[in-house]
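# Examination of the molecular architecture
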Amino acid sequence: MTEFTESERQLLEPFFTNLDRPIFALRNLPEVLKGALFSRYSRTEKSLRRVLLEEFITAPEVGFFQAAPQNPGLTAQSKAEAFYDRVLIGYGDDSVAELGGAHLACEEISNIAAKILEDSRLGLSPLEKSTRYVPFNKKVNGRYRYYREPAIMASKHSAEYEATLDHLFDTYTNLFDPLLAQVQSETPQDNQTSDRAYVSATRAKTFDLLRGLLPMATLTNVGFFGNGRAFEYLLVKLAASVHAEVNEIGQGIQQELDIVIPSFVKRAKSDRGQQYAQYLANNARNSQQLAHKFLADQFTASTELVTLVEFDPDAESQVVTAILYPHSQLSQAEIRQVVDRLTPIELQEIINTYAGDRQSRFHRPGRAFEETYYTFDILADLGAYRDLHRHRVLTQERQTYTVDHGFEVPEEVIASGMAPAYQAALERAASTMKSIEQDLPAAAQYVVPFAFRTRWRIKLNLREAYHFIELRSAAQGHPGYRSIAQAMYQKILEVHPTLAANMSFVDLAEYRLERLSSEQKLDLKIQSKFSM
Ligand SMILES: Cc1cc2nc3c(=O)[nH]c(=O)nc-3n(C[C@H](O)[C@H](O)[C@H](O)COP(=O)(O)OP(=O)(O)OC[C@H]3O[C@@H](n4cnc5c(N)ncnc54)[C@H](O)[C@@H]3O)c2cc1C
């Protein structure tokens, strides 16, 4: 039995995937209108399709089809926007701004800016141009594509900045062919590997080896899908940044989102948004001053790649309590008393049963594994940081990009005899960075190449550790972050062997051509597609 008459069906059809079933998707409607429709659920007993029909399509004051017959619903946007003004700005019900979203492209932005944009967690999904598959040495109008930071370009350092960055990109360009030849001679093609797979895998390896030369000023492209609420917070954070480029990107994003989801991002540029940005900027500046006051005389002696700074010795019992909790009517404290009387064998049995028969790393244990946390301090090259930074569920915080911790030269580059050129470009970058840093400390970070070590901390729970370590130790990963994931695994295993026991898909092996097996699998997929 359908809820709608034939004429109503005709009006509604373009906007829903079906009109008869209780599960349906919305289409061909502006984001703000879809959001406004959803938020009516909390205030009406009508079905959503009927709300659209009665409160928008046939409501004479809305003029649903009038102003934009080619784009029905567009005129209803103003009604939906008025609704948002009332609920968001009037009542401050922020969650309604999660009901609509936008796809946003940010092109030709520096890696400094890309990392700040990708600091976002809940509500934003980024995808960035890869340093593994795309060459970064293309020139436009005879110039390499890196950000010419305005304060540096207006300073006495401008010529040295450009000369140093050009030198890095020239080195990247000049080393590519000889290094690719070296990689191919070290890992010759066998008869199981197609030309396509071999060329892809060896090129990816060469790009991986050379990425250390790319400075943080390197321009990249990032796309985001996100909801309105996440974009509003992002805009506030961008306005609070110390980097002029990032402030400018924020203004550019505001301008474009004002076109597609204006209601959701209106508050970012209001007094409220500006005050919030000021609050964030003040706190960052004041904390930095205190850090300088209390830490200025200290120096770092620690060079360990991965340090497990904090873990909970009581983790096992907490996790087992959480595993049993949903299957009981006892309080958490009462269950804990029972758990405290269990034998080690019984505890392990419960943990193993909960983790279950994992057939692949995609079989992830559940929320009880979120009960315990680990804090790691990492000192690794910026290239690895850029990759691992993308895990949004963890708490990650970096220090400023520096040349003070030295750089990494990949073993393969040393073995190829090309290390002197590689090192010379990095050493020049270090010296330029130090000299700019005297006058423009924040902007000087644009010079730092990915080969330099940076320090950051990661706090993550056991559940995310399973995902993160198994994914990032996988054969196709970059060796820079594979070794971090492997070390994190060893450290968790040392302190919590029972909890790490089911991390069955950690890959501790070393590979010479990381992408090869993935490319071979891709060949099989291509073959099976064409043989169908
Ligand atoms: C081999 C390899 C190559 C890669 N190449 C590229 C590349 O070329 N370009 C690029 O941009 N990135 C690349 N990445 C990064 C990748 O796209 C992910 O951003 C990164 O691996 C983080 O993974 P995650 O989202 O699973 O992890 P987390 O952000 O830590 O999230 C953990 C889990 O939580 C859930 N989750 C978190 N946030 C959301 C959300 N918003 N919506 C739904 N579920 C969510 C998912 O189940 C997710 O697996 C690459 C990663 C690998 C391992």
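Because the structure is predicted, anything quoted here is derived from the model rather than measured.

### Comments concerning the pairing of strand β9 (residues 453–461)
Consecutive side chains along a regular strand alternate between the two faces of the sheet. Bridge count between strand β7 (residues 373–381) and β9: 9 bridges; the pairing is antiparallel. Bridge assignment links F376 to a residue of β9, and that residue is I458. Alignment of strand β8 (residues 395–398) against β9, held across 4 bridges, turns out to be antiparallel. What sits directly across from Q396, in β9, is I458.

### Digging into the site of the ligand
Surrounding the ligand, one finds S125, L127, E128, S130, R390, H391, R392, V393, H467, L471, Q476 and G477. For the shell around the ligand, the secondary structure elements donating two or more residues are β2 (124–128) and α19 (462–472). Examining the composition of the shell around the ligand, we find that 3 residues originate from one element, β2, more than from any other. Partitioning the shell around the ligand into residue classes produces 3 nonpolar, 6 polar and 3 charged.

### Considerations on the domain arrangement of the chain
We note that the domain assignment places domain 1 (6–99), domain 2 (102–297 + 417–444) and domain 3 (307–399 + 453–520) within the chain. Put simply, the middle of domain 2 and the middle of domain 3, counted by C-alpha atoms, are 29 Å apart. The partner domain 3 presents 14 residues to the 16 residues of domain 2 that form the contact. Within the residue set of the side of domain 2 that touches domain 3, elements represented by two or more residues are α5 (111–118) and α8 (195–210). With 7 residues, the top contributor of residues to the side of domain 2 that touches domain 3 is α8. Taken together, the residues of the side of domain 2 that touches domain 3 break down into 3 nonpolar, 6 polar and 7 charged.

### What to know about α19
Because an α-helix packs 3.6 residues into every turn, residues spaced three or four apart end up facing the same way. Taken across its 11 residues, α19 has 8 buried, putting it largely inside the fold. Within α19, burial applies to L462, E464, A465, Y466, F468, I469, E470 and R472. Packed against the buried residues of α19 are α13 (315–324), β7, α16 (382–388), β9, α20 (479–495) and α21 (497–500).

### Considering the sheet that holds strand β1 (residues 101–110)
Strands belonging to one sheet form pairs held by backbone hydrogen bonds; the direction of such a pair is parallel or antiparallel. Read from one edge of the open sheet, 3 strands run β1-β5-β2, paired in antiparallel fashion. In the strand order of this sheet, the two ends are held by β1 and β2, each with one partner. Within this sheet the neighbouring strands show an average axis-to-axis angle of 20 degrees, counted without direction. Looking at chain direction, β2 and strand β5 (residues 219–227) are connected through 5 bridges and run antiparallel. Bridge pairing in β5 places E128 opposite V222. On top of the sheet, α5 reaches β1, β2 and β5; it is set at about 155 degrees to β1, its chief contact. Those strands touched by helix α9 (residues 228–239) are β1, β2 and β5, and its axis lies near 135 degrees from that of β5.

### Some words on the nonpolar core
Within the largest apolar cluster, 123 residues are counted, with the highest numbers of intra-cluster contacts made by L235, V319, V447, I469 and I484. With near-sequence residues (within four places) excluded, L235 lies in contact with G250, I253, Q254, V265, A268 and G273.

### Thoughts on the packing of helix α7 (residues 158–186) against helix α18 (residues 419–439)
Taken N-terminus to C-terminus, the directions of α7 and α18 make an angle of 160 degrees; their axes are 9 Å apart at the nearest point. By the angle between their directions, the pair α7 and α18 is classed as roughly antiparallel. As for the relative orientation of α7 and α18, their crossing is left-handed in sense. Along its contact with α7, which presents E160, Y161, T164, H167, L168, T171 and L175, the element α18 presents A421, Y422, A425, R428, A429, T432 and I436.

### With respect to helix α15 (residues 344–355)
Compared with the 16 Å implied by 1.5 Å per residue over 12 residues, the 17 Å span of α15 between its first and last C-alpha is a close match. Once α15 ends, the next one or two residues include G356, with phi positive near 70 degrees.

### Quick look at the environment of P135
Within the fold, P135 resides in the loop between β2 and β3 (139–140). Taking the number of C-beta atoms within 10 Å as the measure of exposure, P135 has 13 and is therefore partly exposed.

### Some remarks on the sheet that holds strand β6 (residues 306–310)
Spatial strand order, β6-β7-β9-β8: 4 strands in an open sheet with antiparallel pairing. In this open sheet, the two strands that pair with only one neighbour each are β6 and β8. Strand-to-strand twist of the sheet, defined as the mean angle between neighbouring strand axes without regard to direction, takes the value 20 degrees. Contacts between α19 and the sheet are confined to β7 and β9, with β9 contributing the most and set at about 130 degrees to the helix.

Calculation criteria
Residues numbered from 1 in each chain as written. Predicted model: local features only at pLDDT ≥ 70, side-chain atom pairs only at ≥ 80, totals over all residues. Pairing = 2+ DSSP bridges. Helix = DSSP H or I, 4+ residues; strand = E, 2+ residues; numbered from the N terminus. Near = placed C-beta within 6 Å. Nonpolar A, V, L, I, M, F, W, Y, C, P; charged D, E, K, R; others polar. Domains from an automatic or database assignment. Contact = placed C-beta atoms within 7 Å. Buried ≥ 20, exposed ≤ 12 C-beta atoms within 10 Å, placed from the backbone. Axes fitted to C-alpha atoms, helices over the stretch in contact; angles between N-to-C directions. Core = buried A, V, L, I, M, F, W, Y, C linked by C-beta atoms within 7 Å. Parallel < 35°, antiparallel > 145°, perpendicular 65-115°, else oblique. Left-handed = near helix turned anticlockwise from the far one by under 90°. Expected span 1.5 Å × (residues − 1).

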